[in-house]
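Results of the structural survey
Next come the chains, spelled out residue by residue.
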Amino acid sequence: MSTTPEMRELKRVKTVPPKPKHVPKHQDLVNYKHAVAGHDGTMCDAGGELFVKPCTHAEVEFYESAKFHPDFAELMPVFCGSLTLLNTTTAASIHQQLPSLIDQAEIPKGLKDELKSHLDPSIAPAAAEEATTKEPLTADAPSTEEVGADNKKGEGRTGPIKTDRAIALLNASYGFKKPNIMDTKMGQQLWSKHASQEKRERFDKITESTTHKNFGFRIAGMQVYKGSHPTYITPDGKEELSTNVTGPNEEGFMTYNKFWGRDEVNDSNLVESLKQFVFNEAAGLDEDLGKFVAGLFASDLRRVEEVLQNEESRMYSSSLLFVFEGDGPALRAAIEEAKAKEAKEEEMERAMIELATSVNKRSAPRAISANLRVDSGIGMMDEEELKFVTESVTFDQESGEGIEDDDEDFDEMSSFPHIYALKMIDFAHAEWTPGLGPDEAVLLGVRSLAEIFEKLSD
């Protein structure tokens, strides 16, 4: 059985050993602090494993339908299900729903157990009994009439959207010591067919005046550990610090808001702006590490391109989310750990091949290649480059015995260090469009990013 996208995500989240946690009270289901773009109102539990995002019904339906597009689903955060938000909904009551939600999710049992071990309400008093948990999330849970009303807030980092639904996803930035995060808004047309004329005209102006026009994407937001504070030239020729970049905050991150990517990043300085994300001597990210990270993203972007070329969809204002370990020493340690694990897994694979050979000698004379499939967990291509693929070892016996399913794989999987992640996100205005061909506007942005990261990796 081939390893699923969920199993790859499980391998990633298993990096940090699971430990029992108290169910968060109202104050513990916190605002997600690493959001760099999009709407306010996103939350995560105190440990950060699960990301709870208020969203439209259309986005819920898109996530639910992605199981029929497995290659595309591999690019998305792992979807654990959806929640209903009512006027009486509280943050604590959302958290109380999560164990049941995870139990019903179409994900491997091992991943369910991993998540539920962090959400078990039996190890702490029920959060709903606490007086402090009864404050309704009115901003996130409007009335039915409000849900149907047109949300006319501006594009970018805005207030909570009007919705009565939320989705639970695995958090792509969980487990990193200092996650550098960048959100790139993809495509050239940013509005869907349901947008008002005012919104179409406003978003078309954004496309025309930003890197969307020629590159098919723009930087919608960014956080960089120990990042630099860029300057700009005023109309009278003075050099001043950008007012759209703030920090460092208490964790050492510089934050680059939507207006920085919209107003200060242009065709001529786009590459230099992306360099600020991956090259950062102040955080210990020297040239070699920066090239290494750029190469990983370039490789994954070519995979995104391949998948989108084979899908018929339209995505308006969707994003690519880039995450990598922003602390140089921590990143180097993760790479060394990956190399050590690779050496250990190669030894295990040799042992498995020897075992398969021995088994086959005692059974019908069949070729080993027909009975054994070994996909390396982390393939070393040279001293500086890693290729991340999935690990599965499957014996093909006529009786069916010895075939490992996803749940059996869970117990034997290695823990892999957190180095990077690349996910497609934000599907409020996405749909499958059979017969219309691939989304060339989004593909333009993917190819532009791939080309830039390939150059940065040279």
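An account of the accompanying structure is given in this report. (Residues numbered from 1 in each chain as written. Predicted model: local features only at pLDDT ≥ 70, side-chain atom pairs only at ≥ 80, totals over all residues. Heavy atoms only, no water.)

1. So, the overall build of the chain
Each helix and strand in the chain was counted, giving 14 helices and 19 strands. Here the chain, with 458 residues, has 51% of them falling under the buried criterion. Within the chain, contacts between residues separated by at least 24 positions form 77% of all contacts whose residues are at least 6 apart in sequence. (Helix = DSSP H or I, 4+ residues; strand = E, 2+ residues; numbered from the N terminus. Buried < 20%, exposed > 50% of the residue type's maximum accessible area, 1.4 Å probe, protein only. Contact = heavy atoms within 4.5 Å.)

2. Structural notes on the packing of aromatic side chains
This model, assessed by the stated rule, comprises 16 aromatic pairs. Centroid distance Tyr63 to Phe427: 5.5 Å. Interplanar angle 80 degrees. Geometry classified as edge-to-face. Of the two residues, Tyr63 sits in helix H2 (residues 57-65) while Phe427 sits in the loop between strand S18 (420-425) and strand S19 (430-432), which places them 364 residues apart along the sequence. When its relative accessible area of 5% is taken as the criterion, Tyr63 is described as buried. Put simply, the rings of Phe62, Tyr63, Phe72, Phe79, Phe427 and Trp432 touch in pairs and so form one group of aromatic residues. (Phe/Tyr/Trp six-rings, centres within 6.5 Å; stacked < 30°, edge-to-face > 60°.)

3. Side note on the pattern of salt bridges
Under the defined criterion, the tally for this structure stands at 19 salt bridges. Notably, a salt bridge pairs Glu59 with Lys53, separated by 2.8 Å at the nearest N-O pair. Taken as a pair, Glu59 and Lys53 share a single burial class, namely buried. Salt bridges sharing common partners tie together Arg302, Glu305, Glu440, Arg447 and Glu454. (Salt bridge = Lys/Arg side-chain N within 4 Å of Asp/Glu carboxyl O.)

4. Here's the deal with the environment of Ile102
Residue placement: Ile102 occurs in helix H4 (residues 91-104). On the basis of relative accessibility, which here comes to 0%, the residue Ile102 falls in the buried class.

5. Brief notes about unusual backbone geometry
The phi angle of most residues is negative, glycine excepted, and most peptide bonds adopt the trans form. A cis geometry characterises the amide bond from Gly247 onward to Pro248, with omega recorded as 0 degrees. Phi is positive for Ser317, close to 65 degrees, though the residue is something other than glycine. Along the chain, the position of Ser317 falls in the loop between strand S12 (313-315) and strand S13 (319-325). Positive phi outside glycine occurs at Asp426, with the angle close to 65 degrees. Tracing the backbone through its elements, the reader meets Asp426 in the loop between S18 and S19.

6. Some details on the sheet that holds S13
Within the open sheet, the six strands sit side by side as S10-S11-S7-S6-S13-S18. Their pairing is antiparallel. Edge positions in the sheet fall to strand S10 (245-246) and S18, since each of these pairs with one other strand and no more. With six bridges connecting them, S13 and S18 associate as antiparallel partners. Bridged to Phe322 within S18 is Leu422. (Pairing = 2+ DSSP bridges.)

7. Regarding the packing of helix H11 (residues 287-309) against helix H14 (residues 440-457)
Axis separation between H11 and H14 bottoms out at 8 Å; the angle between their running directions is 155 degrees. The pairing of H11 with H14 is recorded here as roughly antiparallel in orientation. Considering only the axes of H11 and H14, their crossing is left-handed. Residues Lys291, Ala294, Gly295, Phe297, Ala298, Leu301, Arg302, Val304, Glu305, Leu308 and Gln309 of H11 form the contact with H14, whose participating residues are Val442, Leu443, Val446, Arg447, Leu449, Ala450, Glu451, Phe453, Glu454, Leu456 and Ser457. (Axes fitted to C-alpha atoms, helices over the stretch in contact; angles between N-to-C directions. Parallel < 35°, antiparallel > 145°, perpendicular 65-115°, else oblique. Left-handed = near helix turned anticlockwise from the far one by under 90°.)

8. A few points about the side chain of Asp426
Note on Asp426: relative accessible area 18%, which makes it buried. Looking at Asp426, its side chain comes within polar contact range of the side chain of Ser319, at 3.5 Å. Other than its neighbours up to four places away in sequence, Asp426 contacts Lys53, Glu59, Asp183, Lys185, Ser317, Ser318 and Ser319. (Polar contact = N/O pair within 3.5 Å; in protein donor to acceptor, adjacent residues only side chain to side chain.)

9. Structural notes on the pairing of S13
In terms of burial, S13 is a largely internal element, seven of the seven residues being buried. By the alternation rule, side chains of S13 split into Ser319, Leu321, Val323 and Glu325 and Leu320, Phe322 and Phe324, which are all buried. Here strand S6 (residues 179-186) pairs with S13 via seven bridges, running antiparallel. Note that in S13 the partner of Lys185 across the bridge is Ser319.

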